[in-house]
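# Architecture and fold: a report
Each chain is listed here by its residues.
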Amino acid sequence: MAASPTPHTPPVTAWPQRPPAEAQDRGWLGRAWLALGLFALVLTGVHAGADVVDDLAFEAVLALDRGADALATALIEGLAGLLGLAPATAEVWLVRALEWVDDEAARHLGRALALGVEVLVALVLALPLVDPRAPQASRVALARALRATFRDPTVLLWAAPLATAGASLAGLAVVATELEAGGRALLAPLGLEADLEVLLTRLLAVGVTSVVLVVLAVRSALRAWVRAEALAAGDARRGRIGLARRLRGSLAMLLAVPVVAVAVRASAPVLAALVGVR
Amino acid sequence: MRWLELGAVLAALYTMVATTPLGGWAWTWARRALGRPAEPPGLARWFTTGAPPAEGLAVRPEVLGRPPTPDAPETVEALRVGLRPALARGLLVMAARGQADAEGALDVQLPAGLAPALAGVGMTAPPIDAGAPGPLTGAARAARTALLIELTQRWRVRLGGEAPALATLRLGPAPVLAALARARARGEVEPTAWPTLARYLSGDERRRAEPWVRGALALATAYELGSPLATPARLTSGFGPRTHPVLGTRRPHTGVDLAVPTGTPLLAVGPGVVRLAREDAVNGKYVRLDHGHGLTTAYCHASALEVAAHDMVQAGQRIATSGSTGRSTGPHLHFQLELDGVPVDPLLFMATLRPSATAGAGSGAREVGAGVREVGAGVRELGAGDVGAVERGARGGVGAGEGEIHRKEHGRFPGGWRSAKDPRWTSVSKPWLSRFPRLVSSSRPSRRRAAWRPRSTSTASAPGVWPCRSPTRTR
């Protein structure tokens, strides 16, 4: 009879799987708090590229409206010819159809679309990171993720951590700017010397930004990487279901990556200033 | 680690509330839940809804839209110190929070916390009562007017821009100087432009200063708008509620319709950036210009466009040719003016350009006005960094006379009216449809083209010959 194998903690490779008990170091409140912080950071970062996203959303609404107008015109004119409607009646129907989405409605739709894209991208990037079933970013998991990234790459494996890191960096730039301005407003009543006030606000901004970098930004990128590897490993063994989930993930990244790229580009001057590059 | 996590999450939440729309809404709801006063209304609301009168004061759009006249005290004071008269007028309107008495005198109030701004340029506040409510006496109004104008000019010279000077009146010198320094250190191209400067202010500072700065600059730009046409044109449909010529219902008309023959050059009323130059089914070929600070104009139903999106245009530059494209019953220009996306009556700002009975004095005044603008041009901050959010497409009404029904396909305007009893209007090839009277237009009463008569919506929008720029006027 063979000896029983040495008991060991099996690595977390399949998805989903509840991690070991010792890894559950926070309750639901702690996880919700972290989720809120990650969501806030990623949403702030994604919003940095809002100008471009607004323009694109507006162009999309206009294009849809143009197509709808053309379709409505063709339909109503066809119906008018078919039914023998009076031209004035057809004109009334046509004007009502064309003005159904008026200027204000188009404006609201564009803004709603842009906001929806931002929130959706933030949810796609931030919420999965706080899933209690997600594996922790341990050394073993990170090493496994590194191997899988180059040996068995997938869209999610590359895009998720990069998009999360990019959104976090863009958010860090905004946090630094806001903290510097807010810190000065906080210190203004003290009546300090100008140089001292500038130094203190810079220290405050750099300090808090560093904390946010380590606690939220780096953690989110690493966890996204490890999670993507675990998902990929699990999907590889699940056939068609795994393929469908891969496709969903790829589509989500197809939306998230361009939005994050735009946001990082918009934040580049501030990031360069933070790093010290002019 | 938990404390660090707490701090990091708080910092991220603070930034989200200060910079994102979602956070802004959350902040607004929180303020409402806590019973805090609502944010002051934006500039556009003064021209659309007004405010209830209080102690003899009221928001009077016709007063707010009145450009500076050469003999007005604010114009004289602005010329004396070297400030743009239009900006001086806009500043006073914002300082008065839009309130004016029955005679049209602005109730100018000094912003709170003006002492640091005064001390920063070596000025002292005159002994005037800064807190008395209600209409002011002439002396108090003149003193406050002079103080604000001179203070703004001094800060404008010191900071190198109008937006920083206006922000200083609201926030004090320290935040604005710090924001400018940071913007310049980051290599910003236009650090004195408000959109750039605002990025380097804190969220609270931005919220406090933005309505003030943008409102004053938008008004200053609006006061200096020219005419979209070089020749006089008849106003066929004014701004405001009207009977839709096709639908027959009361609908707001978001601009003014000017009868011009096809091929008439359409001119930019002010410098700006082309936001949209496209065609759609309702507006036809149209151009929308962004003049900065939330002020936009639209020129609809053109036959040809001569600019493209993102082009920079100058005041008086030809941007399109008039026509009758889109849902239009004849060649005309639908001209629309918007403040922060809210359509306002263009004639409110362009009324003083209307030629009066004393044409000589009027044109002389316009000449003086042109000289005033040239002398007080000051720093014009319009540029790529100065424009606001992307504007959406303009949807104008169908251009026609009041309550008229016209036929576009024959393109006859103003002649060739067709009565509703015309067989071409009422012919129905399917007799069973006659059971549904709403589908048959013969139920509509016959309308004859009535003699054009003036509307009586407001004193400032009395129609007449569309004002045109004096040919000898220079800018």
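Residues numbered from 1 in each chain as written. Chains lettered and ligands numbered in written order. Predicted model: local features only at pLDDT ≥ 70, side-chain atom pairs only at ≥ 80, totals over all residues. Heavy atoms only, no water.

## What to know about the overall build of chain A
Counted only if it meets this: Only runs of H or I of at least four residues qualify as helices and only runs of E of at least two qualify as strands under DSSP, and these elements are numbered from the N terminus. Note on exposure labels: buried denotes an accessible area under 20% of the residue type's maximum, exposed denotes more than 50%, and partly exposed covers the range between, all computed with a 1.4 Å probe on protein chains only. Contacts between residues were defined by any pair of non-hydrogen atoms, one from each residue, lying within 4.5 Å.
The secondary structure content of chain A amounts to eight helices and zero strands. Of all 278 residues assigned to chain A, the portion counted as buried reaches 45%. Across chain A, every contact between residues at least 6 apart in sequence was considered, and the portion connecting residues at least 24 apart equals 84%.

## As for the overall build of chain B
Stated formally: Only the protein chains shown count as cover for residues, and the accessible areas themselves come from Shrake-Rupley with a 1.4 Å probe.
Tallying secondary structure elements over chain B gives 15 helices and 14 strands in all. Excluding contacts between residues fewer than 6 apart, the proportion of contacts in chain B whose partners are at least 24 apart in sequence is 68%. With an accessible surface of roughly 19700 Å², chain B has 59% of that area assigned to carbon and sulfur atoms.

## A closer look at the interface of chain A and chain B
Rule in force here: Throughout, the accessible surface (probe 1.4 Å) given up by two parts as they are put together, summed over both, is called the buried area. Throughout this description, the term salt bridge denotes a Lys or Arg side-chain nitrogen within 4 Å of a carboxyl oxygen of Asp or Glu. As used in this structure description, the phrase polar contact means that two N or O atoms lie within 3.5 Å; if the pair is within protein, one of them must be able to donate a hydrogen and the other to accept it, and residues adjacent in sequence are counted only when both atoms belong to side chains. Amino acid classes used here: Ala, Val, Leu, Ile, Met, Phe, Trp, Tyr, Cys and Pro are nonpolar; Asp, Glu, Lys and Arg are charged; the rest, including Gly, are polar.
Listed as interface residues are 64 residues of chain A and, on the opposing side, 67 residues of chain B. For the pair chain A and chain B, the summed buried surface comes to about 5500 Å²; carbon and sulfur atoms form 62% of the total. The largest share of the area that chain A buries against chain B comes from A:Trp33, A:Glu178 and A:Arg184, three residues that together contribute 12% of it. Among the ionic pairs, B:Arg206 bridges to A:Glu178, the shortest N-O distance being 3.1 Å. Where chain A packs against chain B, one counts five residue pairs in polar contact (both at pLDDT 80 or more). Looking at the side of chain A that touches chain B, the elements with two or more residues in it are α1 (28–47), α2 (50–83), α3 (87–98), α4 (103–126), α6 (155–187), α7 (194–236) and α8 (239–275) of chain A. Of the residues that constitute the side of chain A that touches chain B, the class distribution is 37 nonpolar, eight polar and 19 charged.

## Focus on the packing of aromatic side chains
Aromatic rings considered in pairs are described by the distance between their centres and by the relative angle of their planes. All names here are of chain B. Using the following cut-off: Note on aromatic pairs: the rings of Phe, Tyr and Trp (six-membered ring only in Trp) are paired at centre separations within 6.5 Å, and the planes decide the class, stacked below 30 degrees, edge-to-face beyond 60, tilted for the rest.
The full count for this structure, using the stated rule, is three aromatic pairs over all chains. With a centroid separation of 6.0 Å and 50° between ring planes, the pair formed by Tyr223 and Phe349 is classed as tilted. Here Phe349 lies in helix α13 (residues 346–350) and Tyr223 lies in helix α12 (residues 203–223), a separation of 126 residues in the sequence. Assigned by exposure class, Tyr223 and Phe349 land together as buried.

## Description of the nonpolar core
Heads up, the rule is: Nonpolar cores were defined as sets of buried Ala, Val, Leu, Ile, Met, Phe, Trp, Tyr and Cys residues, with membership established by side-chain atoms within 4.5 Å.
Core analysis: the largest hydrophobic core is formed by 87 residues, its most contacted members being B:Phe47 and B:Phe349. Residue contributions to this core peak at ten residues, all from α12(B). The contacts of B:Phe47, once residues within four sequence positions are left out, are B:Pro61, B:Leu64, B:Gly65, B:Leu219, B:Leu339, B:Val344, B:Leu348 and B:Phe349. Core analysis: the second largest hydrophobic core is formed by 47 residues, A:Phe39, A:Ala126, A:Val212 and B:Ala8 among them.

## Quick word on the pattern of salt bridges
Residue and element names in this part refer to chain B. What the rule picks out here adds up to 20 salt bridges over all chains. For the salt bridge of Arg89 with Glu74, the shortest nitrogen-to-oxygen distance reads 3.1 Å. Taken as a pair, Arg89 in helix α6 (residues 85–95) and Glu74 in helix α5 (residues 73–81) lie far apart in primary sequence, 15 residues in all. Linking Arg214 and Asp340 is a salt bridge whose minimum nitrogen-to-oxygen distance equals 3.1 Å. Remark: Asp340 occurs in the loop between β13 (332–339) and β14 (342–344) and Arg214 occurs in helix α12; sequence separation between them is 126 residues. Judged by relative accessible area, which is 40%, Asp340 ranks as partly exposed. Overlapping salt bridges bring together Glu77, Arg80, Glu150 and Arg154 as one network.

## Some details on α3(A)
Since the α-helix packs 3.6 residues into each turn, any two residues three or four apart lie on the same face. To be explicit about the condition: To estimate the expected span of a helix, subtract one from its residue number and multiply by 1.5 Å.
Counted at 1.5 Å a residue, the expected span for α3(A) with its twelve residues is 16 Å, and the 16 Å between its end C-alpha atoms agrees. Within α3(A), burial applies to A:Ala88, A:Thr89, A:Ala90, A:Val92, A:Leu94, A:Val95 and A:Leu98.

## Let's talk about the packing of helix α8 (residues 138–159) of chain B against helix α9 (residues 162–171) of chain B
All names here are of chain B. Heads up, the condition is: The angle between two axes is taken between their N-to-C directions and runs from 0 to 180 degrees, where each axis is a line fitted to C-alpha atoms and a helix contributes only its stretch in contact. Should an angle fall under 35 degrees it is taken as roughly parallel, and over 145 as roughly antiparallel, whereas 65 to 115 is taken as roughly perpendicular and any remaining angle as oblique. Each crossing is labelled by how the near helix is turned from the far one, with a counterclockwise turn of less than a right angle marking it left-handed and a clockwise turn marking it right-handed.
The contact between α8 and α9 brings their axes to 8 Å, and the two run at 130°. Comparing their axes, α9 and α8 come out oblique. You can see that α8 and α9 cross each other, and the crossing is right-handed. Touching Leu148, Leu151, Thr152, Trp155, Arg156 and Leu159 of α8 are Glu162, Pro164, Ala165, Leu166, Thr168 and Leu169, all from α9. Partitioned by chemical class, the residues of the contact of α8 with α9 number eight nonpolar, two polar and two charged.

## Here's the deal with the packing of α1(A) against α7(A)
All names here are of chain A. One can describe the packing of α1 onto α7 by two numbers: an axis separation of 11 Å at closest approach and a directional angle of 90°. For the element pair α1 / α7, the angle class is roughly perpendicular. Taking contact as the criterion, the partners of Leu34, Gly37, Leu38 and Leu41 in α1 are, on α7, Val212, Leu216, Ala217, Arg219, Ser220 and Arg223. Here the residues of the contact of α1 with α7 sort into six nonpolar, two polar and two charged.

## Re the pairing of β13(B)
All names here are of chain B. What counts here: We treat two strands as partners when DSSP finds at least two bridges between them.
For β13, the tally of buried residues reaches eight of eight residues, placing the bulk of the element in the interior. Side chains His332, His334, Gln336 and Glu338 of β13 all project onto a buried face; the interleaved residues Leu333, Phe335, Leu337 and Leu339 project onto the opposite face, where all are buried too. Examined bridge by bridge, strand β6 (residues 256–259) and β13 share four bridges and lie antiparallel to one another. Of the residues in β13, the one forming a bridge with Val256 is Phe335. Here strand β10 (residues 295–305) pairs with β13 via six bridges, running antiparallel. When the sheet's bridge partners are listed, Cys300 is paired in β13 with His334. Linking β13 back to β14 in an antiparallel pair, the connection comprises two residues, with Asp340 at a positive phi of about 55°.

## With respect to the environment of B:Val176
Residue and element names in this part refer to chain B. Along the polypeptide, Val176 turns up in helix α10 (residues 173–185). On the accessibility criterion, Val176 (1% relative accessible area) is buried. Sequence separation between Val176 and Ala165 is eleven residues; the distance between their C-alpha atoms is 8.5 Å. Excluding anything up to four places from it in sequence, Val176 contacts Leu159, Pro164, Ala167, Thr168, Leu171 and Leu197.

## A closer look at α6(B)
Residues and elements named next belong to chain B. The buried count for α6 comes to eleven of eleven residues, which makes it a mostly enclosed element. Within the span of α6, buried status applies to Pro85, Ala86, Leu87, Ala88, Arg89, Gly90, Leu91, Leu92, Val93, Met94 and Ala95. Arg97 lies just past α6 and shows a positive phi near 50°.

## A closer look at the confidence of the model for chain A
Here is the rule: The quantity known as pLDDT measures the predictor's confidence residue by residue, on a range of 0 to 100.
When pLDDT is averaged across chain A, the result is 80; 87% of the residues are at 70 or more. Highest mean pLDDT in chain A belongs to α2(A) (88); lowest belongs to α8(A) (81).

## Focus on the confidence of the model for chain B
One rule of thumb: low pLDDT means the predicted coordinates there are not for detailed reading. Residues and elements named next belong to chain B. Looking at chain B, the pLDDT average stands at 72 and 67% of residues meet or exceed 70. Overall, residues 352–475 carries pLDDT values under 50, and its contacts beyond four positions in sequence, including any with other chains, amount to 276 contacts. We note a pTM of 0.69 for the whole complex and an ipTM of 0.79 for its interfaces.

## Overview of a nonpolar patch on the surface
Residue and element names in this part refer to chain A. Spelled out, the test is: In this analysis, a patch consists of residues with relative accessible area above 30% that form no salt bridge, clustered at 9 Å for like charges and at 5 Å for the nonpolar side chains Val, Leu, Ile, Met, Phe, Trp and Tyr.
Taken together, the side chains of Leu146, Phe150, Trp158 and Leu162 present a nonpolar region at the surface, about 450 Å² in accessible area. When contributions to the nonpolar patch are tallied by element, the ones reaching two or more residues are α5 (139–151) and α6. Turning to its location among the elements, Trp158 is positioned in helix α6. A relative accessible area of 39% means that Trp158 is categorised as partly exposed.

## Topic: the pairing of β10(B)
Residue and element names in this part refer to chain B. Summarising burial for β10: eight of the eleven residues are buried, a large majority. Here strand β9 (residues 284–292) runs beside β10; their pairing, made up of six bridges, is antiparallel. The residue bridging Gly292 from the neighbouring strand is Leu295, located in β10. Counting the residues that bridge the hairpin from β9 to β10 gives two residues, and of these His293 lies at a positive phi of roughly 60°. Sheet analysis places β10 next to strand β12 (residues 318–322), joined by three bridges and oriented antiparallel. Within the sheet, the bridge partner assigned to Ala302 lies in β12 and is Ser322.

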